[in-house]
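# Architecture at a glance
So you can see what is in the structure, the chains are spelled out below.
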Amino acid sequence: MSASKSYLCQSAIKKNELKPHLKRNWCIGIMNAVFIACMEKLLWLYSLVYDASYPVVCFDERPCFLIGEVIEPIAMQTGKVAKQHYAYEKNGSCCLLVAIEPLTGKRLAQVYSQRTKKEYMCFMQALAANYPQAKKIRLVQDNLNTHNTSSFYEHLPADEAFALAQRFEYYYTPKAASWLNMIEIEFSALARQCLHRRMASQEVLEKQILALVNERNTKQVKISWQFSLEAARTKLNRHYKKVNPDNKKYQTT
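Okay, so let's go over this structure. Given the structure is predicted, the values throughout are model-derived calculations rather than measurements. (Residues numbered from 1 in each chain as written. Predicted model: local features only at pLDDT ≥ 70, side-chain atom pairs only at ≥ 80, totals over all residues. Heavy atoms only, no water.)

### Examining the overall build of the protein chain
Broken down by element type, the protein chain carries 9 helices and 5 strands. The order of α-helices and β-strands along the protein chain, N terminus first, is α-α-β-β-β-α-β-α-α-β-α-α-α-α. Within the protein chain, buried positions represent 38% of all 253 residues. For the protein chain, the proportion of contacts with a sequence separation of at least 24, taken over those separated by at least 6, is 72%. (Helix = DSSP H or I, 4+ residues; strand = E, 2+ residues; numbered from the N terminus. Buried < 20%, exposed > 50% of the residue type's maximum accessible area, 1.4 Å probe, protein only. Contact = heavy atoms within 4.5 Å.)

### Considering the pattern of salt bridges
One pass over the structure, following the stated rule, counts 7 salt bridges. Residue Glu40 pairs with Arg233 through a salt bridge whose shortest N-O separation is 2.9 Å. Linking Glu40 in helix H2 (residues 33-47) with Arg233 in helix H8 (residues 229-235), this pair joins segments that are 193 residues apart in sequence. One network of salt bridges, in which partners are shared, links Arg107, Glu186 and Arg216. (Salt bridge = Lys/Arg side-chain N within 4 Å of Asp/Glu carboxyl O.)

### Things to note about the packing of aromatic side chains
Evaluated as defined, the whole model comprises 8 aromatic pairs. Measuring from centroid to centroid gives 6.1 Å for Tyr170 and Tyr172, while their planes differ by 20°, and the two rings are stacked. Just above the ring of Tyr131 sits the side chain of Lys106; from NZ or CZ to the centre is 4.1 Å. Arg233 extends its terminal NZ or CZ atom over the ring of Tyr250, reaching a point 5.4 Å from the ring centre. (Phe/Tyr/Trp six-rings, centres within 6.5 Å; stacked < 30°, edge-to-face > 60°. Lys NZ or Arg CZ within 6 Å of the ring centre and 35° of its normal.)

### Describing the side chain of Asp60
In this fold, Asp60 is placed in strand S1 (residues 56-69). Comment: no salt bridge for buried Asp60; closest opposite-charge side chain is Arg115, at 8.5 Å. The contacts of Asp60, once residues within four sequence positions are left out, are Leu96, Leu97, Val98, Asp142, His147, Asn181, Ile183, Glu184 and Phe187. (Lys, Arg positive; Asp, Glu negative; His and termini not counted.)

### A short note on the side chain of Arg216
If you trace the backbone, Arg216 turns up in helix H7 (residues 202-219). When near neighbours in sequence (up to four residues on either side) are disregarded, Arg216 contacts Gly105, Arg107, Glu186, Ala189, Leu190, Gln193 and Val221.

### Examining the state of the cysteines
The full count for this structure, using the stated rule, is 0 disulfides. Here Cys94 stays unpaired: no disulfide links it, and the sulfur of Cys64, its closest cysteine neighbor, is 4.9 Å away. Left unpaired, Cys194 is separated from the closest cysteine sulfur, that of Cys64, by 8.5 Å. (Disulfide = S-S within 2.5 Å.)

### Here's the deal with the packing of helix H6 (residues 183-195) against H7
Interaxial distance between H6 and H7 falls to 10 Å at its minimum, and their mutual angle equals 125°. When the axes of H6 and H7 are compared, the pair comes out oblique. Crossing of H6 against H7: the hand is right-handed. Between H6 and H7, the residues in contact are Glu186, Ala189, Leu190, Gln193, Cys194 and Leu195 and Leu205, Gln208, Ile209, Leu212, Val213 and Arg216, respectively. (Axes fitted to C-alpha atoms, helices over the stretch in contact; angles between N-to-C directions. Parallel < 35°, antiparallel > 145°, perpendicular 65-115°, else oblique. Left-handed = near helix turned anticlockwise from the far one by under 90°.)

### Structural notes on the environment of Ile100
Position of Ile100 among the secondary structure elements: in strand S2 (residues 88-101). Once residues lying within four places of it in the same chain are set aside, the contact partners of Ile100 are Val56, Val57, Cys58, Lys106, Arg107, Ile183, Glu186, Val221 and Ile223.

### Notes on the pairing of S1
Burial runs high along S1: 10 of the 14 residues are buried. Alignment of S1 against strand S4 (residues 137-141), held across 3 bridges, turns out to be parallel. Within the sheet, the bridge partner assigned to Val56 lies in S4 and is Arg138. (Pairing = 2+ DSSP bridges.)

### Some points on the environment of Arg192
Of note, Arg192 is situated in helix H6. Accessibility expressed as a relative area gives 58% for Arg192, which makes it exposed. Engagement of the side chain of Arg192 in a polar contact is seen with the side chain of Ser188, the distance being 2.8 Å. (Polar contact = N/O pair within 3.5 Å; in protein donor to acceptor, adjacent residues only side chain to side chain.)

Okay, here's the thing in structure tokens:
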């Protein structure tokens, strides 16, 4: 084969290796000392053995868009998949709040028409009621503007707000690090099995999502977290070394 033909062949191979129709998303913040400190605190928390007096609960919320059909879908038949028309109508949105205790598979989910401090307060009241014997609920959440005890004081008398706040011990994820909150694993499962479908109203969505959550509760589907403190210090060592060169001792060869 001539040199020119070989060059053209190699160029064609490289061109075919490109996949412009594919893309991957990632979510990771700037790994400075603040990020690492928050991350290590969470990884330490996840490594603790189960303690019913101090349950570890992961919480978050996500918007759900209500999508209706313009043309009636064709139901699944033997040998034929279900079909839906590409056209749809938007019916607004609602908000799904979910908490999970990874080590027991215990869940709580509620659907609201909006996301304000009031909804957060109501959900936390329900979550606290689910753990009457716990001394402290170790709550993992992000830094959303509603995710703090001011939500309690704005909607409850001071004594009730203080009492509710005392039920929780807060652990916040670093900025742009939702992957460190195990509730995202649960949201992924709920999306695949339910939320990716078109649902035209909040009532329909609430009925379907709560049925799925109850089913997963009954099965006690747990989450086994694998990313440890030791793994963080080795796999993310280049970031650790930028914070403090002494962290080179965790580098693996």
